[in-house]
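# Residue-level structure breakdown
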Amino acid sequence: MCATPLLEVRNLAIDFGRGENATHAVKGISFTIADGETVAVVGESGSGKSVTALSLTRLLPTPPARYVGGEILFNGRNTLTLSGDELRPMRGKQIAYIFQEPGTSLNPVFTIEFQIAEAIRLHRPEVKDVRGEVVRALDLVGIRDPEKRLGDYPHQLSGGMQQRVMIAMALACHPKLLVADEPTTALDVTIQKQIMDLLRELKGRLGMSIMLITHNFGIVADIADRVVVMFRGHIVEEGKTADVLRNPQHPYTRALIDCVPRLGQKQRRLKAIDHAEIEALLKP
């Protein structure tokens, strides 16, 4: 008998606006994430990836967003039916987020210590030595001499260091699911690899699940157990990462994989994705 997944999304549909002008951002998608599993949700901008991620804890403003249908089951509880008071401890404590722009996610007028400590006090009131816990969180994500960084402000840190602080803040609450929404987009290639290596290492050490949101198939091979490919609000392909990369079944998946530069490959113009052809495949 299969174990109940940590996260199960069933026929989720999300619109923005109403009537003829409504935008159907997510169109009846379903997927699961198991305990300790990393699932990469891949697609272009506008495919519905981030909308799906934010919907897990109902972070989308309503209006303009509307949850038209479906269920989001986290540990067996449908988050779409929970009250604000019931959702509040879930946000950060059980499902934590890191985003693609750490410079805008961190508050510029508060120190690193204050921002991480605030999350700990909110979600782990049993912790007595909050300062020590902040130091441990910074050390966990590979920040050297963390005690010396406690009084730093975000502008004093590089982009890579800021993202490590965001990861430390998320993990300080001991979440069961980490949602990483394009966590390396604003970083150079070397720092991208360091952040992805860090997430993979922390996943193994802490046993948490990860939902990785990305447009880049090039970063999923070494971290994701499964891949979910989204196109204009639909899931067009899903499977084990190695199987999807080796033998993609959908033309959109093949087009995304073809966009990944390869070492030693002769420079050539990237093939355009024929969206009209893919849209035709989605029609019943």
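Worth saying up front: this structure is predicted, and the values here are computed from it rather than measured.

The rules behind the values
- Residues numbered from 1 in each chain as written.
- Predicted model: local features only at pLDDT ≥ 70, side-chain atom pairs only at ≥ 80, totals over all residues.
- Heavy atoms only, no water.
- Helix = DSSP H or I, 4+ residues; strand = E, 2+ residues; numbered from the N terminus.
- Buried < 20%, exposed > 50% of the residue type's maximum accessible area, 1.4 Å probe, protein only.
- Contact = heavy atoms within 4.5 Å.
- Polar contact = N/O pair within 3.5 Å; in protein donor to acceptor, adjacent residues only side chain to side chain.
- Phe/Tyr/Trp six-rings, centres within 6.5 Å; stacked < 30°, edge-to-face > 60°.

### Considering the environment of H24
- Inspection of the secondary structure assignment puts H24 in strand β2 (residues 23-33).
- For H24, a relative accessible area of 48% gives the class partly exposed.
- In this structure, the C-alpha to C-alpha distance between H24 and E37, residues 13 residues apart in sequence, is 29 Å.
- Beyond its immediate sequence surroundings of up to four residues, H24 is in contact with I14 and D15.
- At 3.0 Å, the side chain of H24 forms a polar contact with the side chain of D15.

### A closer look at the packing of aromatic side chains
- Applying the stated criterion across every chain yields a total of three aromatic pairs.
- Centroid distance F110 to F114: 4.5 Å. Interplanar angle 15 degrees. Geometry classified as stacked.
- Look at F110 and you get partly exposed, because its relative accessible area is 34%.
- Residue class for F114 comes out partly exposed when judged on its relative accessible area of 36%.
- Both rings, one in F231 and one in Y252, keep their centres 4.7 Å apart while their planes meet at 55 degrees; by these two values the pair is tilted. In this pair, F231 sits in strand β9 (residues 226-231) while Y252 sits in helix α11 (residues 251-258), placing the two residues 21 residues apart along the sequence. Across this residue pair, the class does not change: F231 and Y252 are buried.

All we've got here are geometric facts, nothing functional implied.
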